[in-house]
Amino acid sequence: MNDVPRLLSGCPLFAGLPAPLLDRLAPLAVPRALPAGALLFSQGDRREAVFVLVEGKVELVREEAGGPRRLVVLGPGEAVGVGALLKPSAHTTSARALSPLSVLALPRQAVRERLLSDATLATELLSRVAETMTERLRWTSSRPVGLEKAYGSGATRREHDLLGERDVPEGALYGIQTLRAVENFPITGIPLSHYPVLVRSLAMVKRAAARANARLGLLDPEVAAAIEKAAQEVVDGHHHGHFVVDMVQGGAGTSTNMNANEVIANRALELLGRPRGAYASCHPNNHVNLSQSTNDVYPTAIRIAAVTALADLVLALERLREALAAKAAELSDVLKMGRTQLQDAVPMTLGQEFGAYAVTTGEDVDRLREASRLFLEVNLGGTAIGTGINADPRYPAIAVEELSRVTGLPVVLAENLVEATPDTGAFVLFSGVLKRVAVKLSKMCSDLRLLSSGPRCGLGEINLPPMQPGSSIMPGKVNPVIPEVVNQVAFQVIGNDLTITMAAEAGQLQLNVMEPILAFNLFQSMDVLTAAVTVLTDRCVKGITANPERCREMVERSIGIVTAVVPALGYERASQVAREALETGRPVRELILAKGWLDPAVLDELLSPEAMTRPRPLAPPPGA
């Protein structure tokens, strides 16, 4: 790190700074080295420095309820913690070294002291910080449809397509076809970038295709390498803000495919040292989309994304299952009344009730994994309708082989590409399993709401952790808001399943043009389910407590316990006791003893928790 000014000038934040200014800044830079796995800073830490990466890679990770989530991978020349120069706020992410890391740290305090005495450097550097942060905000907006975002800088470049010429924002990596799609489809306000898993999967398909085309000698090695690197940057989390097309669109996903083609092509051009829009050197269609069609790229990307996104949902469900199992063990000795048709049935324990929830949640995980295996069969290489037009006969097998390497998934080529291209049966099946998960979660949450109802005038057998005041008019009221929100998420997923079913049915002849709405609903279902399950686990299930006295009181008052004495009294006598208990309000035990039908010790044994909550050997019925 002898030439600090040169290293700083290689970072976009400092690139172009006059040499005298770089020379005044360079002495403040402190070299640091970290081993792989070490943290450069942690989420919640005070911002103390800007870090310029010199060697190695670092991942930015956000800690969430379900565990850490990788946002982006950064490499040499990139700056981390830029906001430290403006305000010593807390880091919103953690930075972890993926390999041995070499950085230059520019301490906040030292830099600010230098800026106070150097107005020229302060003006230049702080304007760059502001510009960098503004650019990030522009491209991470959740609704990048308005002209105020598209033309944020005012500078444009001229591009042309089949329909004519248009001015594209100079700062955009996308091109003219994406711009038209943004204007044509202001439908949901939810862009592709809202689902990073889909954006990454599109880039993986493009990277695999570039590698396959290079192996076949169809792409210039330098161009193929640039496409690969650009696609990998998208996989690592870069440039997602340039994926601006609405999730719901006409054209069977062509706008999505072209958005990816244009972003990767323009970034590849930059890597080749050429300006954005200079498509003679790397064209969105001729190079990035070589040997491909939207009709094989788009469904393949959706499948890869679905398998990838499933990992988060499975993790959330596994955490819920573990929490329910732990709660079952904790409440294993709390006797309560079981109910059928909302009427008293027979006794059980709260542990048995929560244990059943744990088992059913585990079953859902198994079914999801089984259904997702169908997504590993792809039609990549079938191009337009599965016949492979405009692709080398060797391309499908090689492309799928490369896709398997890029994704790390055991992807296989569909046996019949003409059949596979319009077929959306796997999505129908998988969505059906998501609906099953939603239905069972909703049933569980409705149970929790019933069991916790009251607290004085309901069942009141359990207490849900209080999350917020429940009323703007009724003091002291606390509502079961977490189970309620999960119920609502379940309704949304059930509705999404119907949409997916109709979209799959609407496919005609050699293509299903309704895949955009199918993809939108599928990823929405997975996202909201993952979030809802995480919230249910952390903000409800883990904090549930029991009211053992209330549970026991209802068992003793219930006529349902008469079922436990049927083997000793017979059905007729037991029915007589039940009817009399209901009419008089006297306890079952008191009535049986008053009639002298059973010895007190025998009756206590029959009405013990052990006898009432699990199978036991039976004596012959009376009169046998």
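First things first, this report covers the structure right here in the doc. (Residues numbered from 1 in each chain as written. Predicted model: local features only at pLDDT ≥ 70, side-chain atom pairs only at ≥ 80, totals over all residues. Heavy atoms only, no water.)

Moving on to helix α13 (residues 395–407). With 13 residues, α13 extends 18 Å from end C-alpha to end C-alpha; this agrees with the ideal 18 Å at 1.5 Å per step. Burial in α13 covers these residues: Tyr395, Pro396, Ile398, Ala399, Val400, Glu402, Leu403, Val406 and Thr407. Looking at the packing, one finds that the buried side of α13 touches α7 (196–215), α11 (294–330), β13 (377–378) and β14 (412–413). Among the residues trailing α13, glycine 408 stands out with phi positive, at a value near 75°. (Helix = DSSP H or I, 4+ residues; strand = E, 2+ residues; numbered from the N terminus. Expected span 1.5 Å × (residues − 1). Buried < 20%, exposed > 50% of the residue type's maximum accessible area, 1.4 Å probe, protein only. Contact = heavy atoms within 4.5 Å.)

For the rest of this paragraph, the subject is the sheet that holds strand β5 (residues 67–74). Pairing is antiparallel in the open sheet, where four strands are placed in the order β2-β7-β4-β5. Of all the strands in the sheet, the pair left with one neighbour each is β2 (39–41) and β5. Shown here is a sheet whose adjacent strand axes are inclined to one another by a mean of 35°, direction ignored. (Pairing = 2+ DSSP bridges. Axes fitted to C-alpha atoms, helices over the stretch in contact; angles between N-to-C directions.)

Here we come to helix α18 (residues 548–557). Inspection of α18 places Cys551, Met554 and Val555 among the buried residues, and these make up the whole buried set. Angularly, the buried residues of α18 cover 105° about the axis, an arc narrow enough to put them on a single face. When the buried face of α18 is taken as reference, the exposed residues oriented beyond 90 degrees from it are Glu549 and Arg557. (Arc of directions from axis to C-beta.)

There is a patch of like negative charges on the surface, built from Glu377, Glu415, Glu419 and Asp423. The topology assignment puts glutamate 377 in strand β13. (Patch = residues over 30% accessible without salt bridge, like charges linked within 9 Å, V, L, I, M, F, W, Y side chains within 5 Å. Areas by Shrake-Rupley, 256 points an atom, 1.4 Å probe, with all protein chains shown as cover. Salt bridge = Lys/Arg side-chain N within 4 Å of Asp/Glu carboxyl O. Lys, Arg positive; Asp, Glu negative; His and termini not counted. Charge placed at Lys NZ, Arg CZ, Asp CG, Glu CD.)

Quick look at the pattern of salt bridges now. Working definition: two side chains of opposite charge can pair if their charged atoms are close together. As enumerated under the stated definition, the model contains 44 salt bridges in all. Note that arginine 367 is salt-bridged to glutamate 370, the shortest N-O span being 2.9 Å. Note that arginine 367 and glutamate 370 are positioned in helix α12 (residues 350–372) at a spacing of three residues, about one turn of the helix. Note that glutamate 402 is salt-bridged to arginine 405, the shortest N-O span being 3.4 Å. On the criterion of helical spacing, the pair formed by glutamate 402 and arginine 405 is a turn pair, its members being three residues apart in helix α13. Take glutamate 402: its relative accessible area is 4%, and that puts it in the buried class. Where salt bridges share partners, they join Arg207, Arg211, Arg215, Glu228, Glu401, Glu402 and Arg405 into one cluster.

Attention now goes to the nonpolar core. With 124 residues, the main nonpolar core has Leu198, Phe354, Phe523 and Leu536 as its most contacted residues. Counting residues per element, this core draws most heavily on α11, which supplies 18 residues. Look past the residues within four positions of phenylalanine 523 in its chain and what remains in contact with it is Tyr195, Val197, Leu198, Met247, Ile302, Ala305 and Ala306. Within the second largest apolar cluster, 28 residues are counted, among which are Leu7, Leu21, Val50 and Val129. (Core = buried A, V, L, I, M, F, W, Y, C linked by side-chain atoms within 4.5 Å.)

It is worth spelling out the sheet that holds strand β1 (residues 30–34) at this point. Read from one edge to the other, the open sheet built from four strands follows the order β1-β8-β3-β6, with strand pairing classed as antiparallel. The two strands at the open ends of the sheet, each matched to only one other strand, are β1 and β6 (79–80). On the sheet, helix α3 (residues 108–116) packs against β3 (49–55) and β8 (101–107) and is oriented at approximately 45° with respect to β8.

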